[in-house]
Amino acid sequence: MRRFSINPRQSGIYVAFVLIIVLFSVLTDGALLQPQNISNIIVQNSYILVLAIGMILIIIAGHIDLSAGSVVAVTGAISAVLMVNLNVPWPLAVLVTLIAGAVIGAWQGFWIAYFGIPAFIVTLAGMLLFRALTLTVLGNQGIGPFPDPIRTLSNGFTEGYLGNIGLGPLGGADLLSLLVGLGVVAGIAVTQWRQRVGRLGYGQVVDPLPIFVLKIALAAVVVLAVVVQLARFKNLPWVLVLLAVLVLGYTLLTTRSVFGRHIYAVGGNLSAATLSGVKVKSVTFWIFVNMGVLAALAGVIFAGRLNQAGPTAGTNFELDAIAAAFIGGAAVQGGVGKVVGAITGGLIMAVINNGMSLIGAPSERVMLVKGLVLLAAVAYDIWTKRRAGSAAR
């Protein structure tokens, strides 16, 4: 066992997230945490969070992707041409769009992994190339409207299959959404307990049981608070369900799979990974293929949300995704980062955007604050590394 302690490098992002929420809740007189506003924050930033999942893997491996926004635009355009102009059934159109994203990712991954061109250069070229392809595909005009299922994925909510349940002064709330929230809490508790038992089995140091229970309780309170507010509005957004599946899947990929461990190895120490038999080129290639697929998914979501694919879609999306990854704890040098951290970083940016909009701040002030938050996050990461290095000597 060990005494209660907080790792500032790992926990600082979550503490900062709570403080930012409290700050804007006070500044907006509680409007930030209203059911409709919480739903808006999730729906309006879903595509950035999808991109952040792919971006964190690339940054962990020591690379960067500057083309993500342009890939969002060109894949959104491809989906629009298929569904609107050619009347291709939407499931097949989405599948073709995701395959197109994979091909784009494979194109960039080949030059980076097998030809040896730095990712910065390849994806910078891709940013220009795929933006030009977007304009070519769309003819410099928007294409829409999209089929109802695509709009539902982007803006819709789950049905109240089990009806509502009374919550006293809070009013009625969707029972199915509440049960899903309880299921998520149970999943978190079981997963954390199994990890604790596993560490004890290997003789590793763990938190005392009361502290462990307290951490689970705090996570449960946060999850249930969000779910209750969503259940009081229009139930769970479908895009939140999709995000939950992606976060769970990619968390398992990065923590439980050989490929996930190889990503960390490549970013942590390239030479050591090579000598250990890690297929560095293959890992690099596939994380860019994955980024292309997730960018295509984000492109479909964004186009469905606007109900049209436009030539300016995806502008600066890659910068928001990169910022989310670094604010969420990714290291500049690679080798460090978590999917949940990237999602948290994306939500921090979303709360800042939304909160400052609610208080009527001008756009230049929003950009100023977001820039300072990003700089502070990276500076904090470097400072904690130096402090840890000094303590180890």
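Residues numbered from 1 in each chain as written. Predicted model: local features only at pLDDT ≥ 70, side-chain atom pairs only at ≥ 80, totals over all residues. Heavy atoms only, no water.

Chemist: Would you mind showing me how to read the overall build of the chain here?
Modeler: The number of helices and strands found in the chain is 16 helices and two strands. Its C-alpha radius of gyration of 21 Å places the chain within 12% of the 21 Å reference for a compact globule of 393 residues. Taken along its principal axes, the extent of the C-alpha atoms in the chain is 65 × 60 × 40 Å. Scored against the burial criterion, the 393 residues of the chain give a buried share of 44%. Carbon and sulfur atoms make up 68% of the accessible area of the chain, which amounts to about 19,200 Å² in all. For the chain, the distance from the average position of its 23 positive side-chain charges to the average position of its 10 negative side-chain charges is 15 Å. (Helix = DSSP H or I, 4+ residues; strand = E, 2+ residues; numbered from the N terminus. Rg over C-alpha atoms; globule rule 2.2 N^0.38 Å. Buried < 20%, exposed > 50% of the residue type's maximum accessible area, 1.4 Å probe, protein only. Areas by Shrake-Rupley, 256 points an atom, 1.4 Å probe, with all protein chains shown as cover. Lys, Arg positive; Asp, Glu negative; His and termini not counted. Charge placed at Lys NZ, Arg CZ, Asp CG, Glu CD.)

Chemist: When you look at the nonpolar core in this model, what are you seeing that I'm missing?
Modeler: Inside soluble globular proteins, nonpolar side chains tend to come together where they are buried. If you look at the biggest cluster of nonpolar residues, it comprises 58 residues, and the most contacted ones within it are Val 50, Leu 51, Ile 53, Ile 56 and Ile 59. Take this core: its biggest share by element is 13 residues, from helix H3 (residues 46–60). Other than its neighbours up to four places away in sequence, Val 50 contacts Leu 243, Leu 246, Leu 294, Leu 297, Ala 298 and Ile 301. Ranked by size, the runner-up nonpolar core spans 17 residues in total, among them Phe 24, Leu 32, Ile 348 and Met 349. (Core = buried A, V, L, I, M, F, W, Y, C linked by side-chain atoms within 4.5 Å. Contact = heavy atoms within 4.5 Å.)

Chemist: Even after reading the chapter, I still don't get a nonpolar patch on the surface, so can you show me in this structure?
Modeler: Taken together, the side chains of Leu 92, Leu 95, Val 96, Ile 99 and Val 103 define a hydrophobic patch exposed on the protein surface, amounting to about 430 Å² of accessible area. Here Val 103 lies in helix H5 (residues 90–113). (Patch = residues over 30% accessible without salt bridge, like charges linked within 9 Å, V, L, I, M, F, W, Y side chains within 5 Å. Salt bridge = Lys/Arg side-chain N within 4 Å of Asp/Glu carboxyl O.)

Chemist: Sorry if this is basic, but what is going on with the packing of helix H10 (residues 238–256) against helix H13 (residues 280–306) here?
Modeler: Between two packed helices, what matters for the description is the angle formed by their axes and the separation of those axes. Two elements in contact, H10 and H13, have axes separated by 13 Å at closest approach and are oriented at 170°. Between H10 and H13, the crossing angle belongs to the class labelled roughly antiparallel. Note on element contacts: H13 touches H10 through Asn 290, Leu 294, Leu 297 and Ile 301, opposite Val 239, Leu 242, Leu 246 and Tyr 250. Of the residues contributing to the contact of H10 with H13, the split by class is seven nonpolar, one polar and no charged. (Axes fitted to C-alpha atoms, helices over the stretch in contact; angles between N-to-C directions. Parallel < 35°, antiparallel > 145°, perpendicular 65-115°, else oblique. Nonpolar A, V, L, I, M, F, W, Y, C, P; charged D, E, K, R; others polar.)

Chemist: I tried to follow the pattern of salt bridges on my own but got confused; where do I start?
Modeler: As a working rule, side chains carrying opposite charge can pair if their charged atoms are close by. Scanning all chains against the criterion turns up two salt bridges. Put simply, Asp 148 and Arg 151 hold a salt bridge, and the shortest N to O gap is 2.2 Å. Here Asp 148 and its partner Arg 151 are both found in helix H7 (residues 148–155), three residues apart, which amounts to about one turn of the helix. A relative accessible area of 48% places Asp 148 in the partly exposed class. Across the salt bridge formed by Lys 370 and Asp 320, the nearest N and O atoms sit 3.7 Å from each other. Within this pair, whereas Lys 370 is found in helix H16 (residues 363–392), its partner Asp 320 is found in helix H14 (residues 317–327), the two being separated by 50 residues in sequence. Exposure remark for Asp 320: the relative accessible area of 23% places this residue in the partly exposed category.

Chemist: I tried to follow the confidence of the model for the chain on my own but got confused; where do I start?
Modeler: Detailed conclusions should not be drawn from predicted coordinates in areas where pLDDT is low. With 94% of its residues at a pLDDT of at least 70, the chain reaches an overall mean of 87. Within the chain, no element has a lower average pLDDT than strand E1 (residues 164–166), which sits at 73, and none a higher one than H5, at 96. (pLDDT = per-residue confidence, 0-100.)

Chemist: Explain the packing of aromatic side chains to me, please; I cannot follow it from the model alone.
Modeler: Geometry of an aromatic ring pair is reported as the spacing of the ring centres plus the angle between the planes. Counted under the stated rule, the structure contains 11 aromatic pairs. Ring plane angle 75° and centroid distance 4.8 Å describe the contact between Tyr 47 and Phe 302, whose orientation is recorded as edge-to-face. In this pair, Tyr 47 sits in helix H3 while Phe 302 sits in helix H13, placing the two residues 255 residues apart along the sequence. Of the residues examined, Phe 302 reaches a relative accessible area of 11% and is grouped as buried. Residues Phe 285 and Trp 286 carry aromatic rings whose centres are separated by 5.2 Å and whose planes lie at 85° to one another, so their mutual orientation is edge-to-face. Given a relative accessible area of 16%, Phe 285 falls into the buried group. Residue placement shows Arg 196 over the ring face of Phe 212; its charged tip is 5.2 Å from the ring centre. (Phe/Tyr/Trp six-rings, centres within 6.5 Å; stacked < 30°, edge-to-face > 60°. Lys NZ or Arg CZ within 6 Å of the ring centre and 35° of its normal.)

Chemist: Whenever I open this one, unusual backbone geometry confuses me. Can you help?
Modeler: Where the residue is not glycine, phi is negative for most of them; where a peptide bond is considered, it is trans in most cases. The residue Asp 29 is not glycine, and still its phi comes out positive at about 55°. A relative accessible area of 73% places Asp 29 in the exposed class. A positive phi is found at Asn 307, a non-glycine position, where the angle reads about 65°. Mapping Asn 307 onto the fold places it in the loop between H13 and H14.

Chemist: Looking at this structure, I do not really get helix H15 (residues 339–358). What am I missing?
Modeler: Residues that lie three or four places apart on an α-helix share one face, since the helix turns once every 3.6 residues. In a regular helix each residue adds 1.5 Å, so 20 residues correspond to 28 Å; H15 covers 28 Å between its end C-alpha atoms and thus fits that length. Counting buried positions along H15 yields 15 of 20 residues, so the element is predominantly enclosed. The first or second residue beyond H15 is Gly 360, which carries a positive phi of 80°. (Expected span 1.5 Å × (residues − 1).)

Chemist: What exactly am I supposed to notice about the packing of H3 against H14 here?
Modeler: For the pair H3 and H14, the least separation of the axes is 8 Å and the interaxial angle reads 60°. The two elements H3 and H14 cross, and the hand of that crossing is right-handed. Touching Tyr 47, Ile 48, Leu 51, Ala 52, Met 55, Ile 56 and Ile 59 of H3 are Phe 317, Glu 318, Asp 320, Ala 321, Ile 322, Ala 324, Ala 325 and Phe 326, all from H14. Its residues assigned to classes, the contact of H3 with H14 comprises 13 nonpolar, no polar and two charged. (Left-handed = near helix turned anticlockwise from the far one by under 90°.)

Chemist: What is the right way to read the side chain of Glu 318 from this model?
Modeler: Considering the arrangement of structural elements, one finds Glu 318 in helix H14. If we skip the residues at most four places from it in the chain, Glu 318 touches Met 55, Asp 65, Leu 66, Ala 68, Gly 69, Ser 70 and Met 127.

Chemist: Please clarify how helix H8 (residues 175–201) should be interpreted in this entry.
Modeler: The end-to-end C-alpha distance of H8, which contains 27 residues, comes to 39 Å, matching closely the 39 Å that a straight helix rising 1.5 Å per residue would cover. Within the span of H8, buried status applies to Ser 177, Leu 178, Gly 181, Val 185 and Arg 196. The secondary structure elements touched by the buried residues of H8 are E1, strand E2 (172–174) and helix H9 (209–233).

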